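Here's the letter readout for the chains.
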Amino acid sequence: MTTRANSAVDMEATATANAFDADLIVIGAGIHGAAVAREAAARGWSVMVLEQHEQPARETSSRSSKLIHGGLRYLENADIALVHECLREQAILLRTAPHLVKSQRFFIPMVPHMKRPRWQLQIGLWLYWLLGGRRPGQSDSNAHIIDGLNNELISQCLVYRDAQTDDAALTRTVLASAEMMGARVHYSTSPAHIELHQHHVELRLQGAQTQTLRARAIANLSGIWINDVLAKVSPEQPAAKIDLVKGTHIVLPDAPIQGCYYLEAEDQRAVFVMPWRGMRLIGTTEIPCPVNTRQPEPSEPEIDYLLRTHNRYFKTTAKRSDVKDSWAGLRVLPQGEGEAFSRPRESIYLLNRQRQPRLISLLGGKLTSHRATAVSICQHLQAVMPKALWQADTRYQALPLLSC
Ligand SMILES: Cc1cc2nc3c(=O)[nH]c(=O)nc-3n(C[C@H](O)[C@H](O)[C@H](O)COP(=O)(O)OP(=O)(O)OC[C@H]3O[C@@H](n4cnc5c(N)ncnc54)[C@H](O)[C@@H]3O)c2cc1C
């Protein structure tokens, strides 16, 4: 049963045959909450998802660059395991969700004085090919004259393939798949207090009515709210050491392009220009933000930076008044020194205890690897879950085609 915009969880409907309201309670209906609900339901566990908003994917999972990619640039940090995992997950998504995840040509325009010279990029592409089991494209002698590229500056483009999606639609679909296997999703609902016991957890809901849910374990998949949820737990849990980094995207209208462009910006970061609903989606930036930021907004310097990067590579000069839309999302990164651009992007799991954990919290992660992250979370919780009959193997299960 799905309760939309309903803050009171129907205890009768949610009661399972045993003493628990659910085996697993998931907090958050972004891509990770949806994926864990799906993976847990596939393993035959009963799952309940609590989401504070009235719909899924209202936060970071609708504000990403919408790429299902291995992350070519992570090779610079020798993040081989992450790239390999992401390319494997990309292949699974291309097979199980062809209506949502599309293979796409990517062009890397070669300009003078690049930080990453051509030979280095070519080695990177070969490694990418090896890790993903695919052949990279060759440099394309005509690519620099398509899509109005500035061919006075650009001599050639390297070509490879990655994939694109609609992040919010992917999240809704993964969640729908979980619901089809019995997961229950409750919107406008969040925990007021969580109590961890030796053999179960109790979660008191926020709101006028005092309702308490019992489960075997809780997955805290609340994205940037990770510490707000942890602060509600007793016995007290240490706060996760995180940094928040804002990423802005802008949309330029009526300028369809034939693939995605991987551009080196003035500060040598990678910026993408991508086809998006007949328009151009350009992003992203990486601006450190205070950890209590909740509603990030694109700033004028970020918009100017993205326009400057676009205008350097394309003949058409886009102006501020051409920007049709813009938005910003927040990324959770492990606290650390140095540029956000070169910080690790893998999923980090925080457990209330190593053996028989009752609470797991996720820090970081990627849209691309959501299924692999969900598998890891379920493996961490396996020891406290019932032995149940698997309903599906998510590596092979097709994602449903939703009507909207
Ligand atoms: C600018 C940017 C670009 C990116 N681009 C890419 C990309 O191209 N490819 C890629 O693979 N990854 C990308 N990522 C990473 C990816 O988008 C994120 O890792 C992913 O979307 C995070 O999903 P999540 O479910 O953890 O968090 P969220 O999507 O933020 O979901 C958390 C959910 O928890 C809910 N919640 C919070 N607190 C409570 C509570 N107390 N009770 C109930 N519900 C609660 C929130 O409302 C929200 O719905 C990008 C990230 C950013 C910021």
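Owing to the predicted nature of the structure, the values given are computational and were not obtained by experimental measurement. (Residues numbered from 1 in each chain as written. Predicted model: local features only at pLDDT ≥ 70, side-chain atom pairs only at ≥ 80, totals over all residues. Heavy atoms only, no water.)

## Quick look at the pairing of strand S5 (residues 102-110)
Each regular strand shows side chains that alternate between the opposite faces of the sheet. As defined by bridge partners, S5 adjoins strand S6 (residues 156-164) across nine bridges and the pair is classed as antiparallel. Note that in S6 the partner of Ser 103 across the bridge is Ala 163. The sheet contact formed by S5 and strand S13 (residues 260-264) spans two bridges and is parallel. Bridge pairing links Phe 107 to Tyr 261 in S13. (Pairing = 2+ DSSP bridges. Helix = DSSP H or I, 4+ residues; strand = E, 2+ residues; numbered from the N terminus.)

## What about the domain arrangement of the protein chain?
Often, the extent of an interface is quoted as the loss of accessible area upon association of its parts. Parsing the protein chain into structural domains produces domain 1 (2-60 + 169-241 + 345-384), domain 2 (76-164) and domain 3 (242-334). The C-alpha-based centres of domain 1 and domain 3 are spaced at 31 Å. Each partner contributes to the interface: domain 1 provides 14 residues, whereas domain 3 provides 10 residues. Across the domain 1/domain 3 interface, buried area totals approximately 1,000 Å², and carbon plus sulfur atoms make up 57% of it. Among the residues domain 1 hides against domain 3, the three largest losses belong to Ile 224, Lys 241 and Arg 345. Together they make up 51% of the total. Across the domain 1-domain 3 interface, the total number found is one salt bridge. For Asp 228, the salt bridge identified is with Arg 294, shortest N-O distance 3.0 Å. There are four residue pairs in polar contact (both at pLDDT 80 or more) connecting domain 1 and domain 3. Among the residues making up the side of domain 1 that touches domain 3, the classes are represented as six nonpolar, four polar and four charged. (Domains from an automatic or database assignment. Contact = heavy atoms within 4.5 Å. Buried area = accessible area lost by both parts, 1.4 Å probe. Salt bridge = Lys/Arg side-chain N within 4 Å of Asp/Glu carboxyl O. Polar contact = N/O pair within 3.5 Å; in protein donor to acceptor, adjacent residues only side chain to side chain. Nonpolar A, V, L, I, M, F, W, Y, C, P; charged D, E, K, R; others polar.)

## Some words on the nonpolar core
Core analysis: the largest hydrophobic core is formed by 52 residues, its most contacted members being Leu 72, Ile 108, Tyr 160 and Tyr 261. If one sorts the elements of this core by residue count, strand S14 (residues 270-276) sits on top with six residues. Inspection of this core shows a minimum of three residues originating in each of domain 2 (76-164) and domain 3 (242-334). Setting aside anything within four residues of it in sequence, one finds Tyr 261 in contact with Phe 107, Pro 109, Ile 146, Asp 147, Leu 149, Val 271, Phe 272, Val 273 and Phe 314. Formed by 44 residues, the second largest nonpolar core is a distinct cluster that contains Ala 42, Ile 68, Ala 163 and Ala 169. (Core = buried A, V, L, I, M, F, W, Y, C linked by side-chain atoms within 4.5 Å. Buried < 20%, exposed > 50% of the residue type's maximum accessible area, 1.4 Å probe, protein only.)

## Examining unusual backbone geometry
Cis geometry is adopted by the peptide bond preceding Pro 235, which originates at Ser 234 and carries an omega value of -5°. Tracing the backbone shows Pro 235 in the loop between strand S11 (233-234) and strand S12 (242-252). Cis geometry marks the peptide bond from Gly 283 to Thr 284; its omega dihedral reads 10°. Within the secondary structure, Thr 284 sits in the loop between strand S15 (279-283) and strand S16 (287-289). Backbone geometry at Ala 57 places phi at a positive 55°, although glycine is not the residue there. Among the secondary structure elements, Ala 57 is positioned in the loop between strand S3 (47-50) and strand S4 (67-68).

## Notes on the pairing of strand S10 (residues 212-220)
When you tally the buried positions in S10, you get seven out of nine residues, the bulk of the element. Inspection of the sheet shows strand S2 (residues 22-27) paired to S10 by five bridges, in the parallel sense. By the bridge assignment, Ile 27 is partnered in S10 with Asn 220. For strand S9 (residues 201-205) and S10, the ladder comprises four bridges, and the chain directions are antiparallel. Paired with Arg 204 across the two strands is Thr 212, which belongs to S10. Of the pairings in the sheet, the one linking S10 to strand S19 (residues 359-364) comprises three bridges and is parallel in character.

## Describing the site of the ligand
As a structural note, the neighbourhood of the ligand is formed by 37 residues, with His 32, Glu 51, Ser 61, Leu 67 and Thr 368 the closest of them. In the environment of the ligand, an oxygen atom lies 2.8 Å from a nitrogen or oxygen atom belonging to the backbone of Gly 365. In this structure, an oxygen atom belonging to the ligand sits 2.7 Å away from a side-chain N or O atom of Thr 368. Relative to its unbound accessible surface of 1,000 Å², the ligand loses 96% to contact with the protein. Of all the secondary structure elements, the ones that give two or more residues to the shell around the ligand are helix H2 (31-42), S12 and strand S17 (325-334). The biggest single contributor to the shell around the ligand is S17, with three residues. Classifying every residue of the shell around the ligand gives 11 nonpolar, 20 polar and six charged. Counting contributing residues per domain, the shell around the ligand is built from domain 1 (2-60 + 169-241 + 345-384) and domain 3 (242-334), each supplying no fewer than three. (Near = heavy atom within 4 Å. Areas by Shrake-Rupley, 256 points an atom, 1.4 Å probe, with all protein chains shown as cover.)

## Observations concerning the pattern of salt bridges
Summed over the entire model, instances satisfying the criterion amount to 17 salt bridges. Across the pair Glu 286 and Arg 269 runs a salt bridge whose closest N-O atoms are separated by 3.1 Å. Of the two residues, Glu 286 sits in the loop between S15 and S16 while Arg 269 sits in the loop between S13 and S14, which places them 17 residues apart along the sequence. Considered together, Glu 286 and Arg 269 belong to a single accessibility category, that of buried residues.

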